[in-house]
Amino acid sequence: TSMPSIYEDKPAILALLRDVTESARARQAQERSEARFRALVSFAPVGIFETDLQGRGIYANERAAAIMGLSVAEALDLGWLRAVHPDDLPGIHAKRAEALAAETGLMQERRFVTPGGVVHTQVQTVPLLSEGRTTGYLGALVDLTELRAAHAALVDSLSQKETLLKEIHHRVKNNLQVIASLLRIGRGYVKDAPSLSVFNDSIARVHSIALIHERLYRSQDLGRIDMGDYLRGLLAELVRANSTEQRISSQVLASRLFFDIDHCVPIGLIVGELVSNALKHAFAAGTTASPALVIALTAEADGYELVVRDNGSGIDPSRTREDSLGLRLVASLVKQLGGRHRVESQAGTAWHIVFPGVRERDS
């Protein structure tokens, strides 16, 4: 920058030299940033627009115009109002007046009448401030028609999968019942008591698994079962299948605890073995006036405890060393659950099985 001057009574030039390299670099960086922002806004998958306080369009990207069924030029000023569904206009004006009075943004659903049909959208705006006052609004426009169509397709696909999974559980249950029926037929050719007992135990085991699949295909949640409900049904079936001359009181104490099929099967088999064993051996004639069976399942601090208790004659300690197929199966199933067990034989028999907590499916 220079200007005429006088130096020692002679004409001269007074000049100011300033290094503008840094400011030039800053200006270029700002221009590049603005160019990137404009490119980002222009090609954004969401409609972006800007209006003044009266709702006149100042800017609209290609996506916003396309959602409204207009060109970018047609979407500016008040042109975008021509595309709004007539029934939505009163609500738009009322919402804008409310937002203007409160100096806030708004969120609203709007319908646009386009050449391709009515498009449902959601609009959200935020106020643009200058010196603490609202001067306009920056908004985003999302096409809900596509999202709702995708959601409907997803729901339909999920429904089909749920139907298929229910059918699978139903067929598995039916196949298990066929197996049980075949075992019953085979049982008719068995004469000796030990072999007959093996057939009966096998039928009970198949039935306990079939009951799990029946509960699953009848359940609203195909991934897990209310164990209290399942154990009540299983206990009733076991008492009915092993009916004796004595009337046996049975009870399940369990809150609404849900388990997946990987835990339901071993728990169901364990309960089946222990209850069947009690019904066969615990209530010999004259051992107790009021035979009773209790199954309790409770949540503990670090897992769960399953207790199967009877008030029968008690178990011989030597029989708890897994010298029978049923008790070996119980020990194997407890190990499968990652748990441990112990037996009490005072005023009856009580099996205590402790196993870790079930990890949530979403974790």
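Everything here concerns the structure above.
As a starting point, this report considers the structure included with it. All residue numbers refer to position in the chain's written sequence, counted from 1. Since the coordinates come from a predicted model, pLDDT governs what is reported: local features require at least 70, and pairs of side-chain atoms require 80 or more to be given and counted, while whole-chain, interface and lining totals use all residues. Excluding hydrogens and water, the side-chain figures rest on all heavy atoms present in the structure.

The pairing test for Phe, Tyr and Trp rings, Trp by its six-membered ring, is centres within 6.5 Å, and the orientation test on the planes gives stacked under 30 degrees, edge-to-face over 60, and tilted for anything in between. Applying the stated rule across the entire model yields three aromatic pairs. Each ring, one from Phe259 and one from Phe355, has its centre 6.1 Å from the other, and the planes form 55°; the classification is tilted. Of the two residues, Phe259 sits in strand S10 (residues 258-259) while Phe355 sits in strand S14 (residues 349-356), which places them 96 residues apart along the sequence. The exposure classification of Phe259 matches that of Phe355, with both residues buried. In DSSP terms, a helix is any run of H or I states spanning at least four residues, a strand is any run of E spanning at least two, and both are numbered starting from the N terminus. The classification of residues rests on relative accessible area computed with a 1.4 Å probe and restricted to protein chains. Under 20% of the type maximum is buried, over 50% is exposed, and intermediate values are partly exposed.

Where helix H7 (residues 227-241) meets helix H8 (residues 261-281), the closest approach of the two axes is 10 Å, and the angle between their N-to-C directions is 35°. The chirality of how H7 crosses H8 is right-handed. Contacts between H7 and H8 involve Met227, Tyr230, Leu231, Leu234, Leu235, Leu238 and Val239 from the former and Cys264, Ile267, Gly268, Val271, Gly272, Val275, Ser276 and Leu279 from the latter. Split by residue class, the contact of H7 with H8 holds twelve nonpolar, three polar and no charged. Only the stretch in contact is used when a helix axis is fitted, and all axes are lines through C-alpha atoms; the angle between N-to-C directions ranges over 0 to 180 degrees. By definition, any crossing whose near helix is turned counterclockwise from its far helix by less than a right angle is left-handed, and any crossing with a clockwise turn is right-handed. Any pair of residues with heavy atoms lying within 4.5 Å of one another is described as a contacting pair. Following the grouping adopted for this structure description, the nonpolar residues are Ala, Val, Leu, Ile, Met, Phe, Trp, Tyr, Cys and Pro, the charged ones are Asp, Glu, Lys and Arg, and the polar ones are all others, Gly among them.

To continue, consider the environment of Glu273. Topologically, Glu273 is positioned in helix H8. For Glu273, a relative accessible area of 10% translates into the label buried. Sequence separation between Glu273 and Leu128 is 145 residues; the distance between their C-alpha atoms is 72 Å. For Glu273, the contacting residues outside a window of four places in its chain are Arg205, Gly326, Leu329 and Val330.

Where strand S9 (residues 249-254) meets strand S11 (residues 292-300), six bridges bridge the pair, whose relative direction is parallel. For Gln251, the partnering residue across the bridge sits in S11 and is Val294. Judged from the eight bridges that link them, S11 and strand S12 (residues 303-310) form a sheet pairing that is antiparallel. Across the sheet, the residue bridging to Ile295 is Val308, located in S12. Note on pairing: DSSP must find at least two bridges between two strands before they are called paired.

A few words on the pattern of salt bridges. For salt bridges, the criterion is a side-chain nitrogen of Lys or Arg within 4 Å of an Asp or Glu carboxyl oxygen. Scanning the entire structure with this criterion turns up seven salt bridges. Notably, a salt bridge pairs Arg56 with Asp52, separated by 3.0 Å at the nearest N-O pair. The exposure class assigned to Arg56 is partly exposed, which follows from its relative accessible area of 34%. Residue Asp52 is classed as buried on the basis of its relative accessible area of 13%. Salt-bridge contacts for Asp88 lead to Arg111; the nearest nitrogen and oxygen are separated by 2.9 Å. One end of the pair, Asp88, is in the loop between helix H3 (72-75) and helix H4 (89-102); the other, Arg111, is in strand S5 (residues 106-114), and 23 residues separate them in sequence. Judged by relative accessible area, Arg111 falls into the partly exposed class, the value being 25%.

Let us look at empty space enclosed by the protein. With a 1 Å grid laid over protein atoms only, a set of points is called a cavity when a 1.4 Å probe fits there but cannot get out and a pocket when it is open yet has protein on both sides within 12 Å along at least five of seven lines; lining residues have an atom within 4 Å of a point. Grid points are joined across faces, edges and corners, and a volume is the space filled by probe spheres set on the points. What the rule picks out here adds up to one cavity of 30 Å³ or more. If you add up the space inside the largest cavity, you get close to 210 Å³. Lining of the largest cavity is provided by 16 residues; of these, Phe49, Thr51, Gly55, Trp80 and Arg110 occupy positions nearest its centre. Elements supplying a minimum of two residues to the lining of the largest cavity: strand S3 (47-52), strand S4 (57-60), S5 and strand S7 (133-143).

Quick look at the sheet that holds S4 now. Taken in spatial order, the five strands of this open sheet run S4-S3-S7-S6-S5, and their pairing is antiparallel. Looking at which strands have only one partner, the edges of the open sheet turn out to be S4 and S5. With direction set aside, neighbouring strand axes in the sheet form an average angle of 30°. Pairing of S5 with strand S6 (residues 117-130) involves nine bridges; the strand directions are antiparallel. Each bridged residue has a counterpart across the sheet, and for Val113 the counterpart in S6 is Val118. Helix-sheet contacts for helix H5 (residues 144-187) involve S5, S6 and S7, and the interaxial angle to S6 is about 125°.

Here we come to the side chain of Glu305. With respect to the helices and strands, the residue Glu305 is situated in strand S12. By the counting scheme adopted, Arg and Lys are positive, Glu and Asp are negative, and His together with the chain ends is not counted. Buried charge Glu305 goes without a salt bridge, the closest partner of opposite sign being Arg342 at 4.4 Å. Once residues lying within four places of it in the same chain are set aside, the contact partners of Glu305 are Ala296, Leu297, Thr298, Glu300, Arg342, His352, Ile353 and Val354.

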